[in-house]
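# Remarks on the overall topology
Single-letter residue listing:
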Amino acid sequence: MTDSLDPVSAARFDLVIFDCDGVLIDSEVISSRMLIAALAGYGVTIDGAYVARHFLGRSYPVVLTRIRDEFGIDLPPGFEAEYRARLLEAFRSELRIIPGVRATLDALALPFCLATSSSPGRLAHSLEIVGLTADFHGRSTTAAEVAQGKPAPDLFLAAARKAGADPARCLVIEDSQAGIRAARAAGMEVWHFIGGSHLRGLDLPPDPQVRPHRRFARFAEIFQIAPELRRSDRHSLQQRNVAT
């Protein structure tokens, strides 16, 4: 399922920037379940739709601020450490790579990297579990490296700067509204991936102010939308351009 929102010319991209949670790894459904359970212990009742609307793509301090402002609860200092420990334990047994990611990375004709709101420790642990550590060694940017997380553009701009890429020639793959806003604020093209387990069954109304350039539900669709992103097809395109 692809949703064509704007015209695209894949040949103009120099870098693909992947979000991690909910895009490369199917972690958001686990994180959502664990957070809902942890907050329930403090009298905060939320559901998966609430998490998707307000927390998806956001850093932990943003989550704490939202809980304090909306529910009037200051979580204890040890809450974060306890939640993260339980989450990582769940990751060890449940975390999986998103179907199609491995084949997509192997076939991409462009340099790629990731930019995530996760902490460096959680990111390293997650990539190791799903076997993506080598793919993103030296190619990762976390929210710990920037002044402002999503929806500010800082994270994606930092990733582009590390790769020596012009933001206007970057393609971002995101699953969250905050991430889409951040990518557009950075002047990048952004495609909305809606195939993660955490979004299944949720009828979330689109935000008219957050408009991706494309929506897709399976990684195989990336090369259907833009065949030039596949290694062999981009090589052929370059050869044709030289010939003409």
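Residues numbered from 1 in each chain as written. Predicted model: local features only at pLDDT ≥ 70, side-chain atom pairs only at ≥ 80, totals over all residues. Heavy atoms only, no water.

Okay, the pairing of strand β2 (residues 15–18) next. Moving residue by residue along a regular strand, the side chains alternate between the two faces of the sheet. Taking every second residue as pointing to the same face, both faces of β2 are buried, with Leu15 and Ile17 on one and Val16 and Phe18 on the other. Examined bridge by bridge, β2 and strand β3 (residues 112–116) share three bridges and lie parallel to one another. Among the inter-strand pairings, Val16 is bridged to a residue of β3, identified as Phe112. (Buried < 20%, exposed > 50% of the residue type's maximum accessible area, 1.4 Å probe, protein only. Helix = DSSP H or I, 4+ residues; strand = E, 2+ residues; numbered from the N terminus. Pairing = 2+ DSSP bridges.)

So, on to helix α8 (residues 177–185). One turn of an α-helix holds 3.6 residues; hence residues three or four places apart share an orientation. Regarding α8, the residues found buried are Ala178, Gly179, Ile180, Ala182 and Ala183. Of the surrounding secondary structure, the elements contacted by the buried residues of α8 are α7 (154–163), β5 (170–174) and β6 (189–193). (Contact = heavy atoms within 4.5 Å.)

Take the side chain of Lys150 next. Within the fold, Lys150 resides in the loop between β4 (140–142) and α7. Among the polar contacts listed, one links the side chain of Lys150 to the side chain of Asp19, at a separation of 3.0 Å. Separated by 2.5 Å, the side chains of Lys150 and Glu174 make a polar contact. (Polar contact = N/O pair within 3.5 Å; in protein donor to acceptor, adjacent residues only side chain to side chain.)

A full pass over the atoms with the stated rule returns 15 salt bridges. Between Lys150 and Asp19 there is a salt bridge, with its nearest N and O atoms 3.0 Å apart. You can see Lys150 sitting in the loop between β4 and α7 and its partner Asp19 sitting in the loop between β2 and α1 (28–40), a full 131 residues away along the chain. Taking the relative accessible area as the measure of exposure, Lys150 reaches 4% and is therefore buried. Residue Glu174 is joined to Lys150 by a salt bridge in which the shortest nitrogen-to-oxygen separation is 2.5 Å. Of the two residues, Glu174 is situated in strand β5 and Lys150 in the loop between β4 and α7; the sequence distance between them amounts to 24 residues. In this pair, the class of Glu174 matches that of Lys150, namely buried. Several salt bridges share partner residues, and in doing so they unite Asp19, Lys150 and Glu174 into one network. (Salt bridge = Lys/Arg side-chain N within 4 Å of Asp/Glu carboxyl O.)

Attention now moves to the packing of aromatic side chains. Considering all chains together, one arrives at 12 aromatic pairs under this definition. Residues Phe13 and Trp191 carry aromatic rings whose centres are separated by 6.5 Å and whose planes lie at 80° to one another, so their mutual orientation is edge-to-face. With a gap of 178 residues between them, Phe13 in the loop between β1 (2–4) and β2 and Trp191 in strand β6 connect regions that are remote in the sequence. Each member of the pair Phe13 and Trp191 is classed as buried. These aromatic residues form a ring-pair network of at least three members: Phe13, Phe18, Phe112, Phe136, Trp191, Phe193, Phe216 and Phe219. Sitting above the plane of the Phe112 ring, Arg139 keeps its charged end 4.4 Å from the centroid. (Phe/Tyr/Trp six-rings, centres within 6.5 Å; stacked < 30°, edge-to-face > 60°. Lys NZ or Arg CZ within 6 Å of the ring centre and 35° of its normal.)

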